[in-house]
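Okay, here's what each chain looks like letter by letter:
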Amino acid sequence: MDTDFRRYLNARVLSVTGAVVSAVALPVLVYQLTGSAGWTSAVTAAEALPYLVFGLLAGALADRVDRRRLMVAMDFTVAAVLLSVPLAWLAGALTAPHVVAVAFATQTAFVFFDAANFGALPTLVGKEKLATAYSTVFGRTTVVELVVPGVTGLVIAVVAPASLLVVNALTAVGSALLLRSITRSLSIARAEGGRSDLVADVREGLRFVWREPVIRLLTLVGATHSVVGGAWMAMLVPFADQVLGVAPKGDARLAVLFSCWGVGAVIGSRLLPKVTARWGNARVSLVALPVSLFVGVLVLASGHWLVLCVTATCWGVAGAVVVINAITYRQQVCPDELQSRVNTTARMIAWGLGHPLGAGLAGIASVAAGDPRAGLGAGLAVFLVGVVWAWASPVLRRAA
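Residues numbered from 1 in each chain as written. Predicted model: local features only at pLDDT ≥ 70, side-chain atom pairs only at ≥ 80, totals over all residues. Heavy atoms only, no water.

**Notes on helix α8 (residues 198–211)**
Residue pairs spaced three or four apart in an α-helix point in one direction, given the helix's 3.6 residues per turn. For α8, built from 14 residues, the straight-helix expectation of 20 Å at 1.5 Å per residue is met to within 8% by its first-to-last C-alpha distance of 20 Å. When we look at burial in α8, the residues that qualify are Asp-201, Val-202, Gly-205, Phe-208 and Val-209. End-on view of α8: buried residues confined to an arc of 130°, all on one side of the axis. Of the exposed residues in α8, those oriented more than 90 degrees away from the buried face are Arg-203, Trp-210 and Arg-211. As for α8, its buried residues are in contact with α2 (37–62), α9 (213–242), α12 (305–333) and α13 (339–369). (Helix = DSSP H or I, 4+ residues; strand = E, 2+ residues; numbered from the N terminus. Expected span 1.5 Å × (residues − 1). Buried < 20%, exposed > 50% of the residue type's maximum accessible area, 1.4 Å probe, protein only. Arc of directions from axis to C-beta. Contact = heavy atoms within 4.5 Å.)

Here it is, written out as structure tokens:
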């Protein structure tokens, strides 16, 4: 492991650590402020909406500018915005709209960071080492996603969630400093005569996603998978409180519930290379999609927190396989010069569209029915359409 890659890896670990802390703290914070599943859904939607709004622009921009400078600037932006929450909390002026606005602003910065990051890693290590490098990064960050939610949940039991956002601000600064210290370029030089405008770059990324039939289908079906993911993230705290009797404050069981998906994701990430090597990406998708739907239904039916731990962990396994399988296939077939545009475009469609739609749908359904289970059920209904679509389409069956 060379020095530049080690710095990149440590920056990603720091960045993901802070992001996970915020992902746990923000919904708990807004639920403590309002006691409303609707406001909790608004935070989840606000965190995902920037990808839909800015994804195309971010991808095209990241293929044109110095990626390291863009990533560093976005890290510092995240730190500055996040610090406004603990400051407002200390002043007794923190409100739910403020929390939602911060969620939107930090995720907007993340969209541009993520777009640059998609192209930075292949440029840093080369395509021949991409699989090994990506596995290393994913393995380290998945451990973070496994451990940090539970630890954060335990800390929230005794510490105000607003104060924990200082952690994310500090990790963002640390990430920026590590990225600045990388000596090799993270960008690919473009010929002066062939430099197109941003609109043309956006079209090129869209055209690639649309013309590759497997990528197109996995992206569109992935949007329905993200719908139920958004619904689950929006409903987890209200579901734990109203259905399972796990309070959002002072109950250590909430920490366990936050960790379950991460446990499943670690298992799924370990399984994926073996199953794709044996059966291929298309066949893995055909199996993993209905499995994820089935386990999601079991999560919905869980009436005890221990049962939910088991079902949510299994859902994490299936969900991780669905998502990572689509991402790695896309990166393997995408040309180097299109990495930022293509991957950001696909994530914009799949996650940027699906996640806020799922959170918003869950919020509306749960408020209308007075039960968070209705919100999760609405997300699962959309995902059912995606699973049927994947199996009805000849694209994946031919590829399999």
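So much for the structure itself; the text now carries on.
**Focus: the pattern of salt bridges**
Throughout the structure, instances matching the rule amount to eight salt bridges. Among the ionic pairs, Asp-371 bridges to Arg-373, the shortest N-O distance being 2.9 Å. Its relative accessible area of 38% is what places Arg-373 among the partly exposed residues. Within this structure, Asp-2, Asp-4, Arg-7 and Arg-184 form a network of salt bridges that share partners. (Salt bridge = Lys/Arg side-chain N within 4 Å of Asp/Glu carboxyl O.)

**Thoughts on the nonpolar core**
With 112 residues, the main nonpolar core has Phe-5, Tyr-8, Met-71, Leu-179, Trp-232, Trp-315 and Leu-396 as its most contacted residues. Top contributing element to this core by residue count: helix α5 (residues 96–125), with 16 residues. If near-sequence neighbours (up to four positions away) are discounted, Met-71 is found in contact with Tyr-8, Phe-113, Ala-116, Asn-117, Ala-120, Leu-179 and Leu-186. Core analysis: the next-biggest nonpolar cluster, separate from the first, contains seven residues, Ala-37, Ala-231, Ala-234 and Ala-359 among them. (Core = buried A, V, L, I, M, F, W, Y, C linked by side-chain atoms within 4.5 Å.)

**Some points on the packing of helix α11 (residues 281–301) against α12**
Where α11 contacts α12, the axes come no closer than 9 Å and their chain directions differ by 155°. On the basis of the axis angle, α11 is roughly antiparallel to α12. As for how α11 packs across α12, the hand of that crossing is left-handed. Taking contact as the criterion, the partners of Asn-281, Val-284, Ser-285, Ala-288, Leu-289, Val-291, Ser-292, Val-295, Gly-296, Leu-298 and Val-299 in α11 are, on α12, Leu-308, Thr-311, Ala-312, Cys-314, Trp-315, Ala-318, Gly-319, Val-321, Val-322, Asn-325, Thr-328 and Tyr-329. Looking at the contact of α11 with α12 residue by residue, the classes come out as 15 nonpolar, eight polar and no charged. (Axes fitted to C-alpha atoms, helices over the stretch in contact; angles between N-to-C directions. Parallel < 35°, antiparallel > 145°, perpendicular 65-115°, else oblique. Left-handed = near helix turned anticlockwise from the far one by under 90°. Nonpolar A, V, L, I, M, F, W, Y, C, P; charged D, E, K, R; others polar.)

**Some thoughts on the layout of surface pockets**
Picture a little ball the size of a water molecule; that probe, rolled over the atoms, points out where space is still empty. Empty space within the second largest pocket amounts to approximately 200 Å³. Ranked by the residues each element gives to the lining of the second largest pocket, the list is headed by α11, at five residues. Tallied by class, the residues present in the lining of the second largest pocket amount to 10 nonpolar, no polar and one charged. (1 Å grid on protein atoms, 1.4 Å probe; cavity = no way out; pocket = protein on both sides within 12 Å on 5 of 7 lines; lining within 4 Å. Points joined across faces, edges and corners; volume = space filled by probe spheres on them.)

**Section: the packing of aromatic side chains**
Counted under the stated rule, the structure contains seven aromatic pairs. Each ring, one from Tyr-51 and one from Phe-110, has its centre 6.4 Å from the other, and the planes form 70°; the classification is edge-to-face. Of the two residues, Tyr-51 is situated in helix α2 and Phe-110 in helix α5; the sequence distance between them amounts to 59 residues. Exposure remark for Tyr-51: the relative accessible area of 1% places this residue in the buried category. (Phe/Tyr/Trp six-rings, centres within 6.5 Å; stacked < 30°, edge-to-face > 60°.)

**Quick notes on the side chain of Asp-75**
Tracing the sequence through the fold places Asp-75 in helix α3 (residues 67–82). Buried and unpaired, Asp-75 has no salt bridge, with Arg-12 as the nearest side chain of opposite charge at 6.6 Å. Discounting chain neighbours no more than four positions away, the residues touching Asp-75 are Ser-15, Phe-113, Ala-172, Ser-175, Ala-176 and Leu-179. (Lys, Arg positive; Asp, Glu negative; His and termini not counted.)

**Re helix α10 (residues 253–279)**
The first and last C-alpha atoms of α10 sit 38 Å apart over 27 residues, in line with the 39 Å expected at 1.5 Å per residue. The largest bend along α10 measures about 35° and falls at Leu-272, with the proline Pro-273 one to four residues further on. (Bend = angle between axes of the 7 residues up to and from the residue.)

**Let's talk about the packing of α3 against α5**
Angle between the axes and distance between the axes: these two values describe a pair of packed helices. Between α3 and α5, the least distance of the axes is 9 Å, while the angle of their chain directions is 155°. In terms of orientation, α3 lies roughly antiparallel with respect to α5. Between α3 and α5 lies a crossing whose hand is left-handed. Where α3 abuts α5, its residues Arg-67, Leu-70, Met-71, Met-74, Asp-75, Thr-77, Val-78, Val-81 and Leu-82 lie against Val-102, Ala-105, Thr-106, Ala-109, Phe-112, Phe-113, Ala-116, Asn-117, Gly-119, Ala-120 and Thr-123. Across the contact of α3 with α5, the residue classes break down as 13 nonpolar, five polar and two charged.

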